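Structural features, examined
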Amino acid sequence: MLQIKNYKKCYGDKVAVDGIYLDVEPGEIFGFIGHNGAGKTTTIKGVVGILDFDDGEILIDGKSITTDAIACKKEMAYIPDNSEFYEVLTGIKYINFISDIYEVPKEKRNELIKKYSDIFEMTDNLGDTISSYSRGMKQKLAVIAALVHEPKLLVLDEPFVGLDPKATHSLKMIMHEICDKGGSIFFSTHVLEVVEKLCDHIAIIKEGKIVATGTTEEVMGKKSLEEVFLELIDHD
Amino acid sequence: MTKTFMLIKIELLNLFGNNNFARKRGGKKAISIFSFLVPAGLMLYISLLYSFLLMDTLPVDSKFVMPILMTILSFILLISLSFYNATGHLFGFKGFDLLMSLPISKVSVMISKLVAFLLMDYFFAIFLVMPYIIVYGIKMAQPFLYYLFGLVAFIFLPLIPMAIASVLALVINGITGNFRYKALLRNILTLLMIGAILFGSMQMQSLLLMDVSSATALMNSIKTYLLPVYYFIQALVSLDVFSLLMFVLISIVVFTLFIVLFTKLFTKINMNLNKGYKVKNFKLKNEGSSSRLMAMFILQIKRYFGSTVYLVNTIVGPLLLIVFIIIGAFSGIDEIKLYMSTFDQNGMLLPLLTVAILFISSMCVITACSISLEGKNIDMLKSFPVPIPEIFISKIMVQVLINGLICILTIILGVLIYGISVTNALFLILISIVGSVFYAVFGLVINLLFPKMNWDSETIAVKQSMSVIVAMFGGMIFTGVQAYGYILLNNSFSFGLYAGLMILLDLILIIGMWYYLITIGARKFKRL
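Residues numbered from 1 in each chain as written. Chains lettered and ligands numbered in written order. Predicted model: local features only at pLDDT ≥ 70, side-chain atom pairs only at ≥ 80, totals over all residues.

A short note on the overall build of chain B
Rule in force here: Strands are runs of DSSP state E lasting at least two residues, helices are runs of H or I lasting at least four, and both sets are numbered from the N terminus onward. Our radius of gyration is a C-alpha quantity, and the globule rule it is checked against amounts to 2.2 Å times the number of residues to the power 0.38. Residues with at least 20 other C-beta atoms within 10 Å of their own are called buried, those with 12 or fewer are called exposed, and the rest are partly exposed. The C-beta atoms themselves are positioned from the backbone. Placing C-beta atoms from the backbone, we regard two residues as in contact once those atoms come within 7 Å.
Looking only at helices and strands, chain B features 22 helices and zero strands. Relative to the 2.2 N^0.38 estimate, which gives 24 Å for 528 residues, the radius of gyration of chain B is 25 Å and therefore close to what a compact globule would have. If one aligns the C-alpha atoms of chain B with their principal axes, the spans along those axes are about 70 × 70 × 55 Å. Expressed as a percentage of the 528 residues in chain B, the buried residues total 38%. Sequence separation of at least 24 residues holds for 83% of the intrachain contacts in chain B that already meet a minimum separation of 6.

Structure representation (C-alpha cells):
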C-alpha cells in the first residue's frame, strides 16, 4: 500500500531524512517511532505530498506521489500533529467541505458523518464554530474528517495527543476496522505502549536513518519496546 | 520591568519585523528595501506636497486654516488606522492564553501591547503630522520655539485618537461577542464606522473656502466640540504655552481613562473574542454536496467574509466609489452631468471612466494576501487531493466575484443616475472583468513572491506584509502607465483602438502570469 524507497529530504545543508526504505502492506498497522527531530514528520509530510523531496520515490497503492499526487492523495487521509483548521467554519461545514474535496457521494457522507460523530461523541458539537473547540475536540474533528472519505491509507502524526481515553480506544478500534477491510495505517507516536499493542510493523528512525525495522516481534525480541528504543537511541 | 521590555521587543518584532531586511540576501533584500522605501517616500512626498499646496492655496490672512485642516485630518486618519489595527493587536490576538499563563503580570502584557501599538501610531504620525508641522513652520517663518512646541504636540497627538479608536473597537467587539453571525455584524459595524469617519473628513473640504471670519467661527466650534484639537492648533499657531499644556494634560487624562477601561476589560474581551460560537440543540441534518472547485471557492468566500480586517482592507476603496456616486445623485447631480457632458464632447469621458474602473480593481487586490492568510493551514491544504491550479482559481474567483460585482454595480448606477450610455456601460463591464482577472492573478503572483505565512494576527498578513504593499502600488502604477500611455498616444490612436490594444496586453499578461503560477508558482507554493 505504501512504499518508501530511498527517501531523502534536506533542509539547506542539513539532511533531515537520509535515504530510508519502508513498506506498509495492505491490512497492516505500521508504527513509526523516533525521538524529537529524528525525521518522522518530515517523512510523513513527504508521504502525504506536502513536501517535495531531494531523492527517492514514494508509492501509494503503486502510484507515485511525485508524478500522480492527486490520485495518491485521494487514496489516503492525513491527520497532522497539530490539527489546524479553518476556524470560521462550523464542525459540520468543515467535514462537508472535506467530503466535497474527496468527492464523497451525498448518501455515503451523511451515513459516515453520523457514524463517526456518534462514535467520537461530537454530534451535538458539530454546529459550533471550530474556534470554540478544545484541542481534543479539534483532534476528534480531524479524525472524523479523515475517516469520512474511507481512505485506503491513513497517515497519522501523533494521533492520540489530546484525545480522551474513550476516544483513544475508539480510534484504535477504527484503525483495526480499516485494516480488516484491507486498508493500511502508517502513524507516528511517542507512546510506545500503544505501538507495542497496536502495530504489526515498526520502524525506528534516528537522525534521519532507519535503525530498526520489522514486525513488532522481530524488533522487540524478548525485550520491551521501550528498552529496545532507548538502547537504539542512546547507542552512537 | 525586564520582562515588560522583553515583551515590548517581541511585540515590535511582530509588528515591524515581518519585513526583516537583515535576514534577506541579495536581490530579495534589495526588493524588500525598495518596496519599503518607495511607498514610505511616496507617502512622505504626498503629505509634504499636499501641505505646500494647501499653504499656497489659502489666502494670506487664512494660512492658519492649514494646521486646522491637517490636524483634524490627522486625527481622523489616526483614529481609522488605530481602529483597523486594534482588533488583532490589543484584542483578539493569538497566543492570549499562553501569554496569560506565563509568569508575567497582566500589566506587563498590557503595557507591551499598548506601547507597541502606540509606536505603530507614531510611525503613521510621521507621515501624517510631521510634514505639515514642518511646512507650516517654513512657510510662516516660525521661530525655533515653534518646532519645540511642534515636537511636544507630536509626541502627545496620537494618544487621544488611539484611545478613541480602541474604545470603538472595544464597543464593536463587545456588541458582537456572543452573536452567531458576529463576523457579519462586525463587518457591517466596521464599514459603517469607517463610512462615518470618511463622511466627516469629506465635510472638511468646505474649510478651504472659508474667509477669516468664518475660520474664526470654526475655531470657536472646534473649541466647543473638539477641545484638544483647539488647544493643539492654538499651541502651534499662537505659540501659546497654556494651550500646549492643556493639550498635553487632556491627552494624558483621556489616555489614562482609556488605560483604566482597558485594564478592566482586557481579559474579559480577549476571552470573549477567542471563544467561538456554540449552537444550542444542534441536530445533524443531511448535508448537500458541491463540486471540488465550488467547495474550495465557498471556503475562500467564508474566509473572506469571516475576517473583518481582510474584508475592510480590500473593500472600502471600491465601496467608497459607490457611496460617492449615490451622494452625487443627491447633491450636485446637474453639475456632475455637466462635467460629464463636457468630457464626453472632448472624447475623454470613456477614458476617464475606464481609468476609474481599473483604479477600483487595483485597490481591491484580495488575492495579494490570500496565500499568506492560509498560515498554518497551508500543510492541510497541500495534503488535499486538489491540484494547485485549482486552489489558485478558487482564490482568483473570489476577487473576480467581489470586485466584478462592485464594478458592475458602479456601472449600473452610472447608467441609472448619470445616464452613461449602454454601449459605454457594456465596454466598461468588459474592462472591469478583464481588470478583475488581471489584478487577481497579479496579486497571487506577488503573494507567492512575498509570502508571509507566520503570523499571530491576521492584521500582519493583511496590512503589514510586503505582498499587499507591492500588489497595491504595482497595480496602481500599472493603471497609471496605461492611462499615461493614452495621454501620450491619443493623437495617433482612437480610444477604442487603444483600449483594445490594452485589453489584448492585459490578456497576454494574464496568460503569462498564469503560466508562471502553474509552473514556478506551483513549485513555490509546495515549498511554503
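There's more to say after this.
Quick look at the interface of chain B and chain A
Inclusion rule: Gly counts as polar in this scheme, as do all residues outside two lists: the nonpolar Ala, Val, Leu, Ile, Met, Phe, Trp, Tyr, Cys and Pro, and the charged Asp, Glu, Lys and Arg.
Each partner contributes to the interface: chain B provides 31 residues, whereas chain A provides 37 residues. Broken down by secondary-structure element, the contributors of at least two residues to the side of chain B that touches chain A are helix H13 (292-305), helix H17 (378-383) and helix H22 (495-527) of chain B. Within the side of chain B that touches chain A, the residues separate by chemical class into twelve nonpolar, eight polar and eleven charged.

Considerations on unusual backbone geometry
Residues and elements named next belong to chain A. Positive phi values are uncommon outside glycine, yet Glu150 reaches one of about 45°. Glu150 sits in the partly exposed class, given 15 other C-beta atoms within 10 Å. Phi is positive for Glu158, which is not a glycine, with a value near 50°. Along the chain, the position of Glu158 falls in the loop between strand E7 (153-157) and helix H6 (165-180).

Looking at the domain arrangement of chain B
All names here are of chain B. For the record, the criterion: Note that the domain bounds were set by an automatic or database domain assignment.
Domain boundaries assigned for chain B yield domain 1 (2-202 + 213-273) and domain 2 (292-527). If you look at the interface, domain 1 gives 25 residues, while domain 2 gives 22 residues. For the side of domain 1 that touches domain 2, the elements supplying multiple residues, two or more each, are helix H1 (2-16), helix H2 (26-57), helix H3 (65-89) and helix H9 (182-203).

Re the sheet that holds strand E3 (residues 29-34) of chain A
All names here are of chain A. Applied cut-off: Here, a strand pair is defined by DSSP locating no fewer than two bridges between the strands. Here the axes come from fitting lines to C-alpha atoms, over the contacting stretch only for helices, and the angles between their N-to-C directions go from 0 to 180 degrees.
The strand order across the open sheet formed by six strands is E6-E7-E8-E3-E9-E10, and the pairing between neighbours is mixed. The open sheet terminates on both sides in strands that have one partner only, identified here as strand E6 (76-79) and strand E10 (209-215). Shown here is a sheet whose adjacent strand axes are inclined to one another by a mean of 15°, direction ignored. Looking at chain direction, strand E9 (residues 201-206) and E10 are connected through six bridges and run antiparallel. Following the sheet pairing, Ile205 is matched in E10 by Ile210. Docked against the sheet, helix H1 (residues 40-47) engages E3, E7, strand E8 (184-188) and E9, running at close to 150° with respect to E7.

Re the environment of Leu59 of chain A
Looking at the secondary structure, you find Leu59 of chain A in strand E4 (residues 55-60). Between the C-alpha atoms of Leu59 of chain A and Ser184 of chain A, which are 125 residues apart in sequence, the distance is 13 Å.

With respect to the sheet that holds E4 of chain A
Residues and elements named next belong to chain A. What the four strands build is an open sheet, ordered E2-E1-E4-E5; its pairing is antiparallel. With partners counted over all chains shown, the strands left at the sheet margins are strand E2 (14-24) and strand E5 (63-64), one partner each. Inspection of the sheet shows strand E1 (residues 2-11) paired to E4 by five bridges, in the antiparallel sense. When the sheet's bridge partners are listed, Lys5 is paired in E4 with Glu57.

Examining H3 of chain B
Residue and element names in this part refer to chain B. Filter applied, for reference: Given a helix with a known number of residues, its expected span is that number minus one, times 1.5 Å. In this scheme, the bend at a residue equals the angle between the axes fitted to the seven residues that finish there and the seven that begin there.
The end-to-end C-alpha distance of H3 is 35 Å, a good match for the 36 Å that 25 residues give at a rise of 1.5 Å each. The largest bend in H3 is about 25°, located at Phe83. Burial analysis of H3 places 22 of its 25 residues in the buried class, which makes it a mostly covered element.

With respect to the nonpolar core
The test is simple: Note on terminology: a nonpolar core is a set of buried residues of type Ala, Val, Leu, Ile, Met, Phe, Trp, Tyr or Cys, with members joined through C-beta atoms within 7 Å.
Residues Tyr94, Ile144, Val155 and Phe186 of chain A are the most contacted members of the largest nonpolar core, which totals 196 residues. Here this core spans two domains, and each of domain 1 (2-202 + 213-273) and domain 2 (292-527) of chain B adds at least three residues to it. Not counting residues up to four positions away in its chain, the partners in contact with Phe186 of chain A are Leu2, Val24, Phe30, Phe32, Val47, Leu153 and Val155 of chain A.

Some details on the packing of helix H3 (residues 91-101) of chain A against helix H5 (residues 135-147) of chain A
Residue and element names in this part refer to chain A. The condition that has to hold: Orientation labels follow simple angle bins: below 35 degrees gives roughly parallel, above 145 gives roughly antiparallel, 65 to 115 gives roughly perpendicular, and whatever is left gives oblique. By definition, turning the near helix anticlockwise from the far helix through less than a right angle yields a left-handed crossing, and turning it clockwise yields a right-handed one.
The contact between H3 and H5 brings their axes to 9 Å, and the two run at 30°. Considering the angle they form, H3 stands roughly parallel to H5. By crossing handedness, the relation of H3 to H5 is classed as right-handed. Across from Gly91, Tyr94, Ile95 and Ile98 in H3, the residues of H5 making contact are Leu141, Ile144 and Ala145. Looking at the contact of H3 with H5 residue by residue, the class counts come to six nonpolar, one polar and no charged.

Some details on the pairing of E8 of chain A
All names here are of chain A. Under the convention used in this document: The handedness of a crossover follows from its direction of travel: if, with the strands pointing away from the viewer, the path from the first strand over the helix to the second runs clockwise, the crossover is right-handed.
For E8, the buried fraction is high: five of the five residues fall into the buried class. Here E8 shows two buried faces, one formed by Ser184, Phe186 and Ser188 and the other by Ile185 and Phe187. Taken together, the four bridges between E3 and E8 define a ladder with parallel strand orientation. By the bridge assignment, Ile29 is partnered in E8 with Ile185. Here E7 runs beside E8; their pairing, made up of five bridges, is parallel. When the sheet's bridge partners are listed, Leu156 is paired in E8 with Phe187. For the crossover from E7 across H6 to E8, the handedness is right-handed.

Some points on the environment of Leu44 of chain B
By secondary structure assignment, the location of Leu44 of chain B is in helix H2. Between the C-alpha atoms of Leu44 of chain B and Lys139 of chain B, which are 95 residues apart in sequence, the distance is 18 Å.

Description of H22 of chain B
Compared with an ideal rise of 1.5 Å per residue, which puts 33 residues at 48 Å, H22 of chain B spans 44 Å between its outermost C-alpha atoms and is within 8% of the ideal. Looking at the buried side of H22 of chain B, the elements it contacts are helix H18 (388-418) and helix H19 (422-449) of chain B.

Notes on the confidence of the model for chain A
Basically, it comes down to this: Each residue carries a pLDDT score, the predictor's own confidence in it, on a scale running from 0 to 100.
Of the residues in chain A, 99% have a pLDDT of 70 or more, and the chain-wide mean is 88. Looking at the elements of chain A, mean pLDDT is at its lowest for helix H9 (residues 225-234) of chain A, recorded as 81, and at its highest for E8 of chain A, recorded as 92.

Brief notes about the confidence of the model for chain B
Low pLDDT means the predicted coordinates in that region are not meant to be read closely. Scored by pLDDT, chain B comes out at a mean of 82, with 91% of its residues at no less than 70. For this predicted complex, the interface confidence comes out at an ipTM of 0.85, alongside a pTM of 0.77.

A word on the packing of helix H7 (residues 144-156) of chain B against helix H11 (residues 227-238) of chain B
Residues and elements named next belong to chain B. Running from amino to carboxyl end, H7 crosses H11 at an angle of 160°, the nearest separation of the two axes being 9 Å. Taken together, H7 and H11 sit at an angle that is classed as roughly antiparallel. Considering how the two elements wind past one another, H7 and H11 form a crossing that is left-handed. The residues of H11 that touch H7, namely those facing Phe149, Gly150 and Ala153, are Phe232, Ala235 and Leu236. Here the contact of H7 with H11 is composed, by residue class, of five nonpolar, one polar and no charged.

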